Amino acid sequence: MAPESPDPLESLEQEHDERRRAEEKRGERHMWWYLAYFLFGIHLVALVMIYAVTHSK
């Protein structure tokens, strides 16, 4: 008996799922970078404001 060839639909669905997982992972990584930049910016602004308040006359 010859080995069965894989179903083309199954292989397409598997490729699609792998691509979707890779895209989700990339999107999640970008989201964490955006969050890091945002939090860094907030702290930078807070430090400048603290400096301005403490050095005002």
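Heads up: these notes are all about the structure in this document. All of these numbers come straight from a predicted model, not from anything done at the bench.

Thresholds, definitions, all that
- Residues numbered from 1 in each chain as written.
- Predicted model: local features only at pLDDT ≥ 70, side-chain atom pairs only at ≥ 80, totals over all residues.
- Heavy atoms only, no water.
- Helix = DSSP H or I, 4+ residues; strand = E, 2+ residues; numbered from the N terminus.
- Rg over C-alpha atoms; globule rule 2.2 N^0.38 Å.
- Buried < 20%, exposed > 50% of the residue type's maximum accessible area, 1.4 Å probe, protein only.
- Salt bridge = Lys/Arg side-chain N within 4 Å of Asp/Glu carboxyl O.

**Comments concerning the overall build of the protein**
Here comes step 1: Helix and strand content of the protein: one helix and zero strands.
Here comes step 2: A compact globule built from 57 residues would reach a C-alpha radius of gyration of about 10 Å, whereas the protein, at 25 Å, exceeds it by more than 25%.
Here comes step 3: Along the longest, intermediate and shortest principal axes, the C-alpha atoms of the protein span 90 × 15 × 5 Å.
Here comes step 4: Counting all 57 residues of the protein, 0% fall into the buried class.

**Description of the pattern of salt bridges**
Here comes step 1: Within this structure, the stated rule accounts for four salt bridges.
Here comes step 2: The salt bridge involving Glu15 is made with Arg19; its shortest N-O contact spans 4.0 Å. On the criterion of helical spacing, the pair formed by Glu15 and Arg19 is a turn pair, its members being four residues apart in helix H1 (residues 8–54).
Here comes step 3: Residue classification places Arg19 among the exposed residues on the basis of a relative accessible area of 54%.
Here comes step 4: Put simply, Glu24 and Arg20 hold a salt bridge, and the shortest N to O gap is 2.9 Å. Residue Glu24 and its partner Arg20 are both found in helix H1; the two are separated by four residues, about one turn of the helix.
Here comes step 5: The class for Glu24 is partly exposed, based on a relative accessible area of 48%.
Here comes step 6: Judged by relative accessible area, Arg20 falls into the partly exposed class, the value being 38%.

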